[in-house]
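Structural overview
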Protein chains: 2
Amino acid sequence: MTTDQRKESWSTAEEEIMQATYRALLEYGYAGLSISRIADELGKSKAAIYHHYDTKDDLMITFLKFTVDRFEETIDTETGDEPVEDLKHAIEELLPLQRDEEQRRLQMVLVSLRSQAVTNETFREQFTQIDKQLAATIRSIVDRGIDEGTFRDIDSSRVAEHILATVNGAMYGRTTTDRHNTAAAARVSLVSYIDTELKRHS
Amino acid sequence: MTTDQRKESWSTAEEEIMQATYRALLEYGYAGLSISRIADELGKSKAAIYHHYDTKDDLMITFLKFTVDRFEETIDTETGDEPVEDLKHAIEELLPLQRDEEQRRLQMVLVSLRSQAVTNETFREQFTQIDKQLAATIRSIVDRGIDEGTFRDIDSSRVAEHILATVNGAMYGRTTTDRHNTAAAARVSLVSYIDTELKRHS
DNA sequence: GTCTATAAAACGATAGAC
DNA sequence: GTCTATCGTTTTATAGAC
């Protein structure tokens, strides 16, 4: 998942501010996030933050991009020569059966940020881009399967949106409810769907 | 969707406060929501609000329940005698091809509130309950289809979680990105899945 | 780059009059 | 029930010293 240009080098100070923002967001939520609390997490004064960022909005936009980059780095969409396996691999990446603590926290942060997309244009653009990217990746795998003759001649766009909606919805449910094993159930059904509905009937 | 006990009667004043909170949330987002802004939307003073609610948290919890009730009222999960049609009807309710402005706003509010579930226990409980209810409704339709012999003998829990995750994910994407027609695409693929994978092969 | 100190505004919440 | 006025705190943001 190395596509568009991203900020390659964060200065040490900036990186530490991002990490502190990350921790503060997890502890207090987006609504409870303040420069004071970020500064406390950082172990420095508020002025130390304002030296690097003009306004709180400026900081949050930078943090949004920082988090989106982190997310994209964790998604490995390598492709092999078996479309079915590639699809399953993509789903495993986006919706792992077991999430470690770091994955869990990243998704909590992403859900918190994504909700801001409801009323904030800049945030909406970022998540539009992410979903566009993911849908295109899934679609290209399905298209390859159709070309190869492994898959039936289905509408790859529709199937890609279906898969994306399911993994996003399962992830969403996982981080906003206590129904923790339901994501795995949804995934099993989704993979079974790929096996029987997409594969050419033999 | 008339299940648990809900507050039947809001006083006129309380109803107006809920409506004002609704508008303020849409305008400023959850993070930008304040008693002052709600009071401005209401056209009354802050003290008028504090007469009805002890704290801001108290008001927000009440508003959460108010909104959840509104959502449940809009979902009509009547069941007929055709499981396939009942499933399609449930999906149409949860993920309409065309949303009017009121539906759009309600989902914006729901997504804003739901993101609070990441760090707030009370919010998480509410949305856990909603998803539980929806999954159970879907599951019971699938079970009926299996008993009747219309559906194959699939795992109804898994399929229900799959359907729920897909409609939730499509709604989520719809309200947090500019990819507006993708929800319809996901829905078409989901319905096609129900037609071919669930139905007993004839 | 980071500090302390501070300004100006907004915040949640209350008191007391009507 | 609703008002005005106000309290104490927290907020974003800046100034000036080091």
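Everything numeric in this text was worked out from a predicted model, so none of it was measured. (Residues numbered from 1 in each chain as written. Chains lettered and ligands numbered in written order. Predicted model: local features only at pLDDT ≥ 70, side-chain atom pairs only at ≥ 80, totals over all residues. Heavy atoms only, no water.)

**Things to note about the side chain of Gln107 of chain A**
Residue and element names in this part refer to chain A.
- One can find Gln107 in helix H6 (residues 101-115).
- Classification of Gln107 by relative accessible area gives buried; the value is 10%.
- Polar side-chain contacts of Gln107 include one of 2.8 Å to the side chain of Arg99.
- Residues contacting Gln107, with those up to four places away along its chain left out, are Leu94, Arg99, Met171 and Thr175. (Helix = DSSP H or I, 4+ residues; strand = E, 2+ residues; numbered from the N terminus. Buried < 20%, exposed > 50% of the residue type's maximum accessible area, 1.4 Å probe, protein only. Polar contact = N/O pair within 3.5 Å; in protein donor to acceptor, adjacent residues only side chain to side chain. Contact = heavy atoms within 4.5 Å.)

**Quick word on the domain arrangement of chain A**
Residues and elements named next belong to chain A.
- We note that the domain assignment places domain 1 (12-62) and domain 2 (75-198) within chain A.
- Each partner contributes residues to the interface: domain 1 has 6 residues there, and domain 2 has 10 residues.
- For the pairing of domain 1 and domain 2, the buried interface totals around 740 Å² over both sides, and the portion due to carbon and sulfur atoms is 82%.
- Summed over the three residues of domain 1 that lose the most area to domain 2, namely Tyr22, Leu26 and Tyr30, the buried surface amounts to 65% of that side.
- Counting every contact that joins domain 1 to domain 2 gives 1 residue pair in polar contact (both at pLDDT 80 or more).
- Mapped by element, the contributors of at least two residues to the side of domain 1 that touches domain 2 are helix H1 (12-28) and helix H4 (56-74).
- In terms of residue count, the dominant contributor to the side of domain 1 that touches domain 2 is H1 (3 residues).
- Partitioned by chemical class, the residues of the side of domain 1 that touches domain 2 number 6 nonpolar, no polar and no charged. (Domains from an automatic or database assignment. Buried area = accessible area lost by both parts, 1.4 Å probe. Nonpolar A, V, L, I, M, F, W, Y, C, P; charged D, E, K, R; others polar.)

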